[in-house]
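# Overview (structure and organization)
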Amino acid sequence: MEADQVLAESRSVREHLMSSGLATAVSFAGSLPGSIVMSLGQMLVLACVCFDMVRVVSVPRSHRRYVANTVFRTLALPSILVMALSVLIDAASGSWYDVSAGVFVMVAVIFRWHHDTDEDNWWKGKGEALGRWVRNRTAPRSLTAPSAA
């Protein structure tokens, strides 16, 4: 009976130290909709890591590597954000093994994202052209009056 009492006291102390926003996030992550959202986020991270593996084992300058690199570059930033949120929720709930595993995955994705930038992907070709097009459309235009005759 004393072990249950100690566990309840440590839980109440942890909840007291946790901000109300983090307590709400932890309770949402423990609910069914929160578990579904967290699972979808982890599936996104898994897809990102799998496409990185495909990119590593594919032949350089092949179509498979081009597609895998494009998908990895597209999913890397959302995966990093999902892992950061997951690590924050795990830290708030006191699950330190999950925190260390999440930080490891997050650092690995960041490392792969920053250090393999010489690959050909959609973002280097059409993505840059799309960026130029957006910049040209949103740039302030100078309206000059036509010269009077």
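Here goes a summary of the coordinates provided. (Residues numbered from 1 in each chain as written. Predicted model: local features only at pLDDT ≥ 70, side-chain atom pairs only at ≥ 80, totals over all residues. Heavy atoms only, no water.)

## Some remarks on the overall build of the chain
For the chain, the count of helices and strands is six helices and zero strands. Shown N-terminal to C-terminal, the secondary structure of the chain runs as helices and strands in the order α-α-α-α-α-α. Each of the 149 residues in the chain was classed as buried or not, and the buried ones make up 21%. Within the chain, residue pairs in contact and separated by at least 24 positions form 65% of the contacts whose partners lie at least 6 positions apart. Just so you have it, the chain exposes about 10800 Å², and 68% of that area is on carbon and sulfur atoms. (Helix = DSSP H or I, 4+ residues; strand = E, 2+ residues; numbered from the N terminus. Buried < 20%, exposed > 50% of the residue type's maximum accessible area, 1.4 Å probe, protein only. Contact = heavy atoms within 4.5 Å. Areas by Shrake-Rupley, 256 points an atom, 1.4 Å probe, with all protein chains shown as cover.)

## Notes on helix 3 (residues 32-57)
The terminal C-alpha atoms of helix 3, which comprises 26 residues, lie 37 Å apart, in line with the 38 Å expected from a rise of 1.5 Å per residue. Of the residues making up helix 3, those classed as buried are Gly34, Gly41, Val45, Cys48, Asp52 and Arg55. (Expected span 1.5 Å × (residues − 1).)

## Side note on the nonpolar core
Most often, soluble globular proteins keep nonpolar side chains buried together rather than apart. In this structure, Val45, Cys48, Phe72, Leu75, Ala76, Ile80, Met83, Met106 and Val109 together form the largest nonpolar core, which totals nine residues. Where this core is concerned, the elements lending two or more residues are helix 3, helix 4 (63-93) and helix 5 (96-115). Ranked by residues supplied to this core, first place goes to helix 4 with five residues. (Core = buried A, V, L, I, M, F, W, Y, C linked by side-chain atoms within 4.5 Å.)

## Examining the pattern of salt bridges
Pairing between side chains of opposite charge can happen when their charged atoms approach one another. A complete count under the given rule lists two salt bridges for this structure. With its nearest N and O atoms 2.6 Å apart, the salt bridge here joins Arg55 to Asp52. Within this pair, Arg55 and its partner Asp52 are both found in helix 3, separated by three residues, close to a single helical turn. On the basis of relative accessibility, which here comes to 10%, the residue Asp52 falls in the buried class. Put simply, Asp52, Arg55 and Arg112 are held in one network by salt bridges that share partners. (Salt bridge = Lys/Arg side-chain N within 4 Å of Asp/Glu carboxyl O.)

## A word on the packing of helix 3 against helix 4
At a minimum axis distance of 7 Å, the contact between helix 3 and helix 4 shows a crossing angle of 145°. As for how helix 3 packs across helix 4, the hand of that crossing is left-handed. Per-class residue counts for the contact of helix 3 with helix 4 are 17 nonpolar, five polar and five charged. (Axes fitted to C-alpha atoms, helices over the stretch in contact; angles between N-to-C directions. Left-handed = near helix turned anticlockwise from the far one by under 90°. Nonpolar A, V, L, I, M, F, W, Y, C, P; charged D, E, K, R; others polar.)

## Thoughts on a nonpolar patch on the surface
Taken together, the side chains of Leu32, Ile36, Leu40 and Met43 define a hydrophobic patch exposed on the protein surface, amounting to about 440 Å² of accessible area. On the secondary structure map, Met43 appears in helix 3. With a relative accessible area of 53%, Met43 lands in the exposed category. (Patch = residues over 30% accessible without salt bridge, like charges linked within 9 Å, V, L, I, M, F, W, Y side chains within 5 Å.)

## With respect to unusual backbone geometry
One non-glycine residue, Arg61, adopts positive backbone phi at about 60°. Turning to its location among the elements, Arg61 is positioned in the loop between helix 3 and helix 4. What makes Arg61 exposed here is its relative accessible area of 83%.

Function-wise, these values are silent; they only describe arrangement.
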